[in-house]
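Observations on chain architecture
Spelled out, the chains give:
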Amino acid sequence: MSYRAPVRDLAFALEAVAGIDQVAATGAFPDYDADVMGAVLEAAGQFSEQVLAPLNRPGDLAGAKYADGAVTAAPGFADAYRQFAEGGWTGLTASTEAGGQALPKALELAAYETVHAANMAFGLCPMLSLASIEALEQVGNEHQKAVYLPKLVSGEWTGAMVLTEPHAGSDLGALTTTATPNGDGTYALNGQKIFITWGDHDATDNIIHLVLARLPDAPAGPKGISLFLTPKFAVNADGSLGERNAFHPVGVEHKLGIHASPTCVMAYEGARAELVGRPNEGLAHMFVMMNAARLAVGVEGVGVAERAYQHALAYALERRQGRSVWTGEKSAPIFDHPDVRRTLGVMKAKIAAARAICLSTGVAADLASHAATEAERKLWKGREDLFTPIAKAWSTDVGCEVASLGVQVHGGMGFIEETGAAQYYRDARITPIYEGTNGIQAMDLVGRKLSMDGGDSAKALIEEMKVTLGQIDRLYAGKPVERFATAIEAVEDATLWLLDAKADPARAADVLAGADAYLKLMGDVVGGWMLAKGALAAKARLDAGNGDPVWLQGKLDLYELYAANVLGHVSSRLAAVGQGGELLQGLTVEALAG
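Turning to the environment of D33, a few remarks are in order. Mapped onto the fold, D33 is located in the loop between helix 2 (20-24) and helix 3 (34-62). Accessibility expressed as a relative area gives 38% for D33, which makes it partly exposed. Along the primary structure D33 and L496 are separated by 463 residues, whereas in three dimensions their C-alpha atoms are 40 Å apart.

As structure tokens, then:
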């Protein structure tokens, strides 16, 4: 089936739930208004539907190719990328000084959801350019901003994030790639990197690698890492491209999914590079990219879930089998079977919740930079930090779950590649792994983000959810309100328990043992809060006669369905938070191996 960009849902999530109007009110984005938002979403949706979606299945089948030391993008991808760059899609949030459009982050995230939904393998290429742009804007020097930034913003060149080595995966402190001074202010990079997404391709004339490496006198571990910029081709003083740099791909990985995204093994053999930011602070600089990429990966989870959902819904309306319990029709569409319709409803509700979490994180990021007072900026920075691991991990878990349910709705046909449902499942599976596994996101949440302000951000969030709880009383009676109340109480209990446990170094194992359950609990409950806010906004529009009443009523129904199927099960999450480190320590190899 063809992909349809959910422009109306995206606009609703931005305005009614995430609160993008708060960003506009800062005055920091003079070229942004509701009309601009609508135009950007419509144009992004149209490009994604017409150009990117038709390449998704052929790209999966053909894949990116490696031969003779070079990588060739899947058929049609290079031309699609050129159209993408010409449309200005890599410059939505970049500064006007660099040639960008200086629009809000949340709007960029919403536009890119359509890209990832239409063609996730394609979307990874500009996604990494966006992270490179953000890093150079924050820590690049004037030369780097003048030479490289405009080309990345225009999309003429692409960026790559180069971290992982064969022996150093998530433990970046173990990397061994070296950067030796050349004596002229530049450095020679030597080493091998793996899992380098779009590290080489033929879609642009130049590729800018941002590489983690060690200086000769660097201390051991993560405090001895620096960040370097190295272009595939040297850039002459007049801006033209010079000689080929001394790095190249030595192969591409053969993966479960995202076949059209070249995942390269890269060799650096004296590659000429320049330092980005300060020596031995590369890890901190790289986290500028990582945090941008982690939120973007959360949006990937939403996008692939939306695509899988649309595919499953179309199949459920077309496939006929059995009698409808509602109409009595023989050979009815399987959409008329209650469990299939419930499954589709839960898929839709979780997508809406994950979308709102990601877009709300984008709004928080903008307000952390542009809110009127220092106190407000601090508050929003705390919200951004708290939400980022949740947006990445919970949304990508939703992507995998929804894609799996999409296969289930198809039944046996979902297991057959030709129906297309399997590709979304295969593609989605990487999202909980890269840019920091979801287990690492959970450890980051409880280890750093929860307590970095003494728990104030989490406590403020809980109080906001309680306010919304008091407001939905007028929309629902009984269980939908009670389940939300119980869910908020569970989050509060878990938060206070973790903050208390973190104060005692002897309970470190208890904290980490409950990390994954806590992140999932937070995601479940914050997702319910987002849907509750959406229900309140939909009711207000219904009462005002503003909008499609059937569609708006659906927002109220989605919250109620979510409350029954997700919030109704938070007690098991809370129990897992408090399971304790001793239980896990007792699970010896012998016990697990049987």
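Picking up after the structure, the text goes on.
Pairing geometry for strand 4 (residues 178-181) and strand 5 (residues 187-197), over four bridges, is antiparallel. Considered in strand 5, the bridge of T178 is made with N190. Between strand 4 and strand 5, which pair antiparallel in sequence order, lie five residues; one of them, G183, sits at a positive phi of approximately 90°.

A word on the nonpolar core. In terms of nonpolar packing, the biggest core is built from 180 residues, with M465, F484 and Y559 touching the most fellow members. If sequence neighbours within four positions are ignored, M465 has contacts with F484, I488, V491, V525, V526 and W529. With 21 residues, the next largest nonpolar core counts V211, A213, F228 and V252 among its residues.

Let us look at the pairing of strand 11 (residues 263-276). Summarising burial for strand 11: eleven of the 14 residues are buried, a large majority. Bridging between strand 5 and strand 11 involves nine bridges; their strand directions are antiparallel. Considered in strand 11, the bridge of G191 is made with Y268. Note: strand 7 (residues 226-231) against strand 11, three bridges, orientation antiparallel. Bridged to L227 within strand 11 is V276. Strand direction decides the pairing type here: strand 10 (residues 247-252) and strand 11, joined by five bridges, are antiparallel. By the bridge assignment for strand 11, H248 is matched with A267.

Each value, and the rule that gives it
- Residues numbered from 1 in each chain as written.
- Predicted model: local features only at pLDDT ≥ 70, side-chain atom pairs only at ≥ 80, totals over all residues.
- Heavy atoms only, no water.
- Helix = DSSP H or I, 4+ residues; strand = E, 2+ residues; numbered from the N terminus.
- Buried < 20%, exposed > 50% of the residue type's maximum accessible area, 1.4 Å probe, protein only.
- Pairing = 2+ DSSP bridges.
- Core = buried A, V, L, I, M, F, W, Y, C linked by side-chain atoms within 4.5 Å.
- Contact = heavy atoms within 4.5 Å.

Geometric descriptors of this kind do not, in isolation, establish any biological role.
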